[in-house]
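Next come the chains, spelled out residue by residue.
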Amino acid sequence: MKNQELHNKLFPKEKALLLSEIRNLDFSEDLNRKDTEAFTACCYRMVLMKSETFCIEGEQCDIVAFLVSGHLYSSYKVKDIEYVTRLFLPPQFRIVSDFVSSLRGGVASCTIKSVDKSILICMSIHDLDALYFTHPHLIKIERMLIVKNDIANSQAMEFIRRHNNTERIRAFLKLYPEAFKYFTKTVIGSFLGVDRREVSKIYVSS
């Protein structure tokens, strides 16, 4: 991992995008230049091509990432049937992580896979923990980025899932029209809990 980090330094524009996201957080005024420099110094760039994985269900995963560009989704399998649990797409949902893994000793509960070329800024949770002793405000970055993303995702899904199948698909199409360009109808259907044929029918008629 260390060799990977050394050879994957952040590009200036990508670093600026991450810092812009941090400055939009409620506590940003508490951070100084040394805090943000220490934070970005422990970040590294990752590029995933189509079908490559960010983490794999049942394996170790102690990384949280900021999605610069691209699209991913998380899923788990039961008897070879894939159940999609989350979609990661900018600009709404940029934080890529298996949050449950932090509660399970770093073991991922889902597989997170890229559906196209995706660029991520990665942060090791262990590296961040080490920085908290000298930069205590940094603990807010990790927690707030994850919590902000999780709340936004939960609110959107709560709105969508209150509807019947047809209304659910139409609501998702209205909220995230770009998602249909990147995710298959099967993935979207699994995420919404509906048959892919229903998704296709509504999408074609819209």
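Look up: the structure comes first, before these words.
**Student:** When you look at unusual backbone geometry in this model, what are you seeing that I'm missing?
**Tutor:** As a rule of thumb, non-glycine residues mostly have phi less than zero, and peptide bonds are mostly trans rather than cis. The omega torsion across P90 and P91 is 5 degrees, close enough to zero to call that bond cis. Inspection of the secondary structure puts P91 in the loop between β5 (81-88) and β6 (95-96). Backbone geometry places K79, a non-glycine residue, at a positive phi of 50 degrees. At D80, a position not held by glycine, the phi torsion is positive, near 70 degrees. By the element assignment, D80 lies in the loop between β4 (72-78) and β5.

**Student:** Quick question: what am I supposed to make of the sheet that holds strand β3 (residues 63-69) here?
**Tutor:** What holds strands together in a sheet is hydrogen bonding between their backbones, with the strands either parallel or antiparallel. Here four strands make up an open sheet; going across it, the order is β1-β8-β3-β6 and the pairing antiparallel. Looking at which strands have only one partner, the edges of the open sheet turn out to be β1 (43-48) and β6. As judged from the six bridges shared by β3 and strand β8 (residues 118-124), these two strands associate in the antiparallel manner. Following the sheet pairing, I63 is matched in β8 by S124. Here helix α2 (residues 12-23) sits on the sheet in contact with β1, β3 and β8, set at roughly 110 degrees to β3.

**Student:** Looking at this model, I keep getting lost on the side chain of S114. Mind explaining?
**Tutor:** Residue placement: S114 occurs in strand β7 (residues 111-114). One polar contact links S114 to S118, side chain to side chain, over a distance of 2.8 Å. Here S114 is in contact with L48, M49, K50, S51, E52, H71 and L72, once residues within four sequence places are set aside.

**Student:** Looking at this structure, I do not really get a nonpolar patch on the surface. What am I missing?
**Tutor:** Together, Y76, V78, I81 and Y83 give the surface a local cluster of nonpolar side chains, amounting to about 330 Å² of exposed area. Of all the elements in the fold, those that place two or more residues in the nonpolar patch are β4 and β5. Residue Y83 is classed as partly exposed on the basis of its relative accessible area of 35%.

**Student:** Mind showing me how you'd approach the pattern of salt bridges here?
**Tutor:** Where charged atoms from two side chains of opposite charge approach closely, those side chains can pair. Summed over all chains, the structure comprises four salt bridges. The salt bridge partner of R33 is E37, with a shortest N-O separation of 2.8 Å. Pair noted here: R33 and E37 are both in helix α3 (residues 33-41), with a separation of four residues, about one helical turn. Note on R33: relative accessible area 65%, which makes it exposed.

**Student:** Quick question: what am I supposed to make of the environment of H135 here?
**Tutor:** By the secondary structure assignment, H135 is in the loop between α4 (125-131) and α5 (138-161). Sequence spacing of H135 and N32 is 103 residues, and the spatial spacing of their C-alpha atoms is 9.8 Å. Residues in contact with H135, not counting those within four places in the same chain, are K34, D35 and A38.

Reading the values: rules and limits
- Residues numbered from 1 in each chain as written.
- Predicted model: local features only at pLDDT ≥ 70, side-chain atom pairs only at ≥ 80, totals over all residues.
- Heavy atoms only, no water.
- Helix = DSSP H or I, 4+ residues; strand = E, 2+ residues; numbered from the N terminus.
- Pairing = 2+ DSSP bridges.
- Contact = heavy atoms within 4.5 Å.
- Axes fitted to C-alpha atoms, helices over the stretch in contact; angles between N-to-C directions.
- Polar contact = N/O pair within 3.5 Å; in protein donor to acceptor, adjacent residues only side chain to side chain.
- Patch = residues over 30% accessible without salt bridge, like charges linked within 9 Å, V, L, I, M, F, W, Y side chains within 5 Å.
- Areas by Shrake-Rupley, 256 points an atom, 1.4 Å probe, with all protein chains shown as cover.
- Salt bridge = Lys/Arg side-chain N within 4 Å of Asp/Glu carboxyl O.
- Buried < 20%, exposed > 50% of the residue type's maximum accessible area, 1.4 Å probe, protein only.

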